[in-house]
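Spelled out from the first residue to the last, the chains are:
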Amino acid sequence: MKKIAVFFAEGYEEIEALTVVDICRRSGLEVDLISVTELEPVKSSHGIVVRTDKTFSQADFEEYDMLVLPGGMPGTTNLEAHEGLMAQVDAFYASGKYIAAICAAPSIFGHRGILKGRKACCYPTFESHLQGAEVTKGPVEVSDHVITSRGMGTAIDFGLAIVEIFCGAQKAHEMAETIVYR
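A brief structural summary.

Conventions adopted
- Residues numbered from 1 in each chain as written.
- Predicted model: local features only at pLDDT ≥ 70, side-chain atom pairs only at ≥ 80, totals over all residues.
- Heavy atoms only, no water.
- Core = buried A, V, L, I, M, F, W, Y, C linked by side-chain atoms within 4.5 Å.
- Buried < 20%, exposed > 50% of the residue type's maximum accessible area, 1.4 Å probe, protein only.
- Helix = DSSP H or I, 4+ residues; strand = E, 2+ residues; numbered from the N terminus.
- Contact = heavy atoms within 4.5 Å.
- Pairing = 2+ DSSP bridges.
- Axes fitted to C-alpha atoms, helices over the stretch in contact; angles between N-to-C directions.

**Section: the nonpolar core**
Ranked by size, the top nonpolar core spans 32 residues in total, and within it Ile-4, Val-6, Val-68, Phe-158 and Ile-162 carry the most contacts. Elements represented by at least two residues in this core include exactly β1 (3-8), α1 (14-26), β2 (30-35), β6 (66-69), β7 (98-102), α5 (155-167) and α6 (169-178). Among the elements that take part in this core, α5 stands out by supplying seven residues, more than any other. Residues in contact with Val-6, not counting those within four places in the same chain, are Ala-17, Val-20, Val-21, Val-31, Asp-32, Leu-33, Ile-34, Val-68 and Pro-70.

This is how it looks when you write it as structure tokens:
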């Protein structure tokens, strides 16, 4: 079974994070909610507190097939400030393992040079941070092992794209029907 790590920093966008967790778990994927604060409860940008499964220091990154970075402010800047997480993003990218980001978080990939020559999307007004990318206005862009999405309104598309990667197009279509999406 494929395993995904979704990261939570103070100020994350709860719909972007939890929609991915929900859709992936419903599809049979194993998902860990990981706090980068070293405290298991983490507060969102709208004051919603979520208890994570583990903290960053408890995570065994050899177990994961994908890292997911939700957006939100200041969640995105707090994720980017976490040196250990950035080292893992770089290592996953270099080894060809999947990395995904939504809303403002694709800016992190842009700052790290990950998007050069790739199609990518992000929250409007963050496009200038997608350095070297072919910026689109699509809901989700999958470019090899790098996935980006635009924001809260595209969180279901983002989650379904992840399901399609690991479980196939048929499973993603079935999940969309199950959740009465489109």
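**As for the sheet that holds β2**
The mixed open sheet is built from seven strands, whose spatial order is β5-β2-β1-β6-β7-β11-β10. Two strands bound the open sheet, and with one partner strand each, they are β5 (54-55) and β10 (140-143). Pairing analysis gives four bridges linking β6 to β7, with the strands arranged parallel. Counterpart to Leu-69 in the pairing with β7 is Ala-101. Here helix α3 (residues 83-95) sits on the sheet in contact with β1, β6, β7 and β11 (146-149), set at roughly 130° to β6.

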